[in-house]
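Structural description and commentary
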Amino acid sequence: MDKILIHGGRPLSGSIKVSGSKNSSLPILAATLLTPEPCVVQGVPDLSDTHYMLQILTHLGAQVERASGTVTVAAENIESVAPYEVVRKMRASVCVLGPLLGRCKEATVSLPGGCVIGDRPIDLHLTGFEALGAAVRVEGGNVKVFAPKLTGAVINLRGKFGPTVLGTDNVMMAAVLAEGVTVIEGAAQEPEVVDLANFLNKMGAKIEGAGTRRIIIEGVAALHGVEHAVIPDRIEAGTFLVAGAICGKEVTVKRVEPEHVRSITDVLGSCGFPINIADHAISILPNGEAKALELITEPYPGFPTDMQAQMCALLSTSDGISVVTDNIFPQRYMHVAELKRMGAQMQMEGGTAVIQGVDRLFGAQVMASDLRASAALVLAGLKADGITEVSRVYHIDRGYERLDEKLSELGAHIERVKEA
Ligand code: EPU
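Residues numbered from 1 in each chain as written. Predicted model: local features only at pLDDT ≥ 70, side-chain atom pairs only at ≥ 80, totals over all residues. Heavy atoms only, no water.

**With respect to the pattern of salt bridges**
Basically, it comes down to this: Salt bridges are counted wherever a side-chain nitrogen of Lys or Arg sits within 4 Å of a carboxyl oxygen of Asp or Glu. Strands here mean DSSP runs of E at least two residues long; helices mean DSSP runs of H or I at least four residues long; both are numbered from the N terminus. Only protein chains enter the area calculation, which uses a 1.4 Å probe; residues under 20% of their type maximum are buried, those over 50% are exposed, and those in between are partly exposed.
In this structure the tally under the stated criterion is 18 salt bridges. Across the pair Glu192 and Arg234 runs a salt bridge whose closest N-O atoms are separated by 2.8 Å. In this pair, Glu192 sits in helix H7 (residues 191-202) while Arg234 sits in helix H8 (residues 234-247), placing the two residues 42 residues apart along the sequence. Residues Glu192 and Arg234 agree in their burial class; the two are buried.

What follows is the structure, given as structure tokens:
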């Protein structure tokens, strides 16, 4: 197991290029199961999560080739059963259910287990499949969905924590090959949902309204192979902007879609950091300590839960008391205890972190618990006096392509070492 060592206190400056989006790549790769023809997906980041997805596709019978960021999937003959051994490593494996149901009219996928950021149920996905006419059985740790035929329906996917991203993806992927029209109300509006809809439309699907709360899908008889480049990763972009805010001179993230990170740049602006936005590049300029603020995570276009931990790291040295509430995953605060070990003053009140900014953080041995919490610890390490050791780096490798190398390019003193 690798760990990352960060010698804190180095200023960062320069530019980095954002990789393709993890959360677009995963459902788009799953969607290649919808056609027997080859699909070419470009800009797929080299991450353990994308590797897991390709392993699942291979297990299901698809021919997969990967050359750098370009992945070709030919799913000519596939099976519809994804067992525990292949899906257990990644919760997002659940997004093969929709395309398998659409194409094979049946799917058996092992249920995703618990997750450190919260319960993460899939009840809304299953409600959506049932509305399309599928029967759903949960037995022996597996979910089985099957239908002699799928028929369009009106489906509301809004749950008590708001819309569901992968649920919207899953129902959309099943509905593209259903008979008749499906209307998804309360759909997730995230850019990754729009990217998937664009991919499906290129394949011959008829989807309108992606990016709004209502998605309308007119079923078609078959889909064909396509080429598609995934959108840039907005959370990676946001993470590097926070790195710039934490210890920057001027940091520029390139290959970013400014609209996709607007809530993040707005919040960093409110923290007092000047932001320059060009076509596909955003620069953050230094301005001392962050101003304290109140932050609430919300579904897109609100501030993303996937940036909550990184903001906690930034606000830990802000000039007052900040209040951070995660409304999407109220238990997603595993980073708090670790940041406290670095000198941060934070207190949890339900799903809210109350952060009293301190002058300095101190390097410490800390443990990564999930992807975004790990990123927060690395960011805190960049600011802290002394050396921070982040162990269980495999969490970072799930979702950040070469995070340590990219931070080195910006001037960070960061190294990856093998843990004994
Ligand atoms: N929810 C339900 N029932 C469901 C599905 C979701 O109650 O059937 C709840 C969840 O428990 C949560 C809320 O609805 O409280 C939103 O969850 P959502 O379904 O949108 O999450 P997801 O689709 O499983 C994706 C991202 C996550 C990101 C969330 C929220 C992928 C692969 N994952 O998960 O990304 O946090 O949307 O934006 O797209 C990450 O990249 O670090 C990550 C965790």
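**Let's talk about the site of the ligand**
Applied cut-off: What makes a residue near a molecule or strand is one non-hydrogen atom of that residue sitting within 4 Å of it. Throughout this description, a polar contact denotes any pair of N or O atoms lying within 3.5 Å of each other; where both atoms belong to protein, one of them has to be capable of donating a hydrogen while the other can accept it, and for residues adjacent in sequence the pair is counted only when both atoms sit in side chains. The residue classification treats Ala, Val, Leu, Ile, Met, Phe, Trp, Tyr, Cys and Pro as nonpolar and Asp, Glu, Lys and Arg as charged. All others, Gly included, are polar. Domains are outlined according to an automatic or database domain assignment.
The full set close to the ligand counts 23 residues, and Asp123, Thr164, Leu166, Asp306 and Ile328 are the nearest of them. Between the ligand and the protein, one listed contact pairs a nitrogen atom with a side-chain N or O atom of Asp123 at 2.7 Å. Take Leu124: an N or O atom from its main chain is 2.7 Å from an oxygen atom of the ligand. Sorting the residues of the shell around the ligand by element identifies helix H1 (22-31), helix H5 (123-131), helix H6 (165-175) and helix H12 (371-383) as the ones contributing at least two each. For the shell around the ligand, the per-class residue count stands at twelve nonpolar, four polar and seven charged. A domain-level breakdown of the shell around the ligand finds at least three residues from each of domain 1 (2-19 + 232-418) and domain 2 (22-229).

**Let's talk about H12**
Our working rule: The span you would expect from a helix comes to 1.5 Å times its residue count less one.
If you check H12, its first and last C-alpha atoms are 19 Å apart, about what 13 residues at 1.5 Å a residue would give, namely 18 Å. Burial analysis of H12 places twelve of its 13 residues in the buried class, which makes it a mostly covered element. Within H12 the residues assigned to the buried category are Leu371, Arg372, Ala373, Ser374, Ala375, Ala376, Leu377, Val378, Leu379, Ala380, Gly381 and Leu382. Its side-chain oxygen placed 3.2 Å from the backbone nitrogen of Arg372, Asp370 serves as the N-cap of H12.

**Some details on the packing of aromatic side chains**
The test is simple: Working definition: a ring pair exists when centres of Phe, Tyr or Trp rings (six-membered ring for Trp) sit within 6.5 Å. Plane angles under 30 degrees give stacked, over 60 give edge-to-face, the rest tilted. Distance and angle both matter: a charge sits over a ring if NZ of Lys or CZ of Arg is within 6 Å of the ring centre and within 35 degrees of the ring normal.
Inspection of every chain in the model, using the stated rule, returns zero aromatic pairs. For Lys144, the ring lying beneath its charged end belongs to Phe146, and the centroid distance is 5.5 Å.

**Structural notes on the layout of surface pockets**
Our working definition: A cavity here means a set of points on a 1 Å grid, drawn over the protein atoms and nothing else, where a 1.4 Å probe fits but cannot get out; a pocket is an open set with protein on both sides within 12 Å along at least five of seven lines, and a residue lines either one if it has an atom within 4 Å of a point. Grid points are joined across faces, edges and corners, and a volume is the space filled by probe spheres set on the points.
Put simply, the second largest pocket is a space of about 190 Å³. Every element with two or more residues in the lining of the second largest pocket is listed here: strand E2 (12-17) and helix H14 (403-409). Of the residues assigned to the lining of the second largest pocket, the class counts are four nonpolar, five polar and eight charged. Each of domain 1 (2-19 + 232-418) and domain 2 (22-229) contributes no fewer than three residues to the lining of the second largest pocket.

**A word on the sheet that holds strand E4 (residues 63-67)**
Basically, it comes down to this: By this definition, two strands are paired if DSSP reports at least two bridges between them. Helix axes are fitted only over the stretch in contact, all axes being lines through C-alpha atoms; the angle between N-to-C directions runs from 0 to 180 degrees. Should any heavy atoms of two residues lie within 4.5 Å, those residues are counted as being in contact.
Strand order in the open sheet formed by four strands is E4-E5-E3-E16, and the pairing between neighbours is mixed. Two strands in the sheet have a free side with no partner beyond their single neighbour: E4 and strand E16 (227-229). Geometrically, the sheet is characterised by an average inter-axis angle of 15° between neighbouring strands, direction not taken into account. Where helix H2 (residues 48-59) meets the sheet, it contacts E4 and strand E5 (70-74), and its direction lies at approximately 150° from that of E4.

**Regarding unusual backbone geometry**
Note the cis peptide between Tyr300 and Pro301, where omega equals 10°. As for its position among the elements, Pro301 is in the loop between strand E20 (294-297) and helix H10 (308-315). Positive phi, close to 55°, is recorded for Arg402, a residue that is not glycine.

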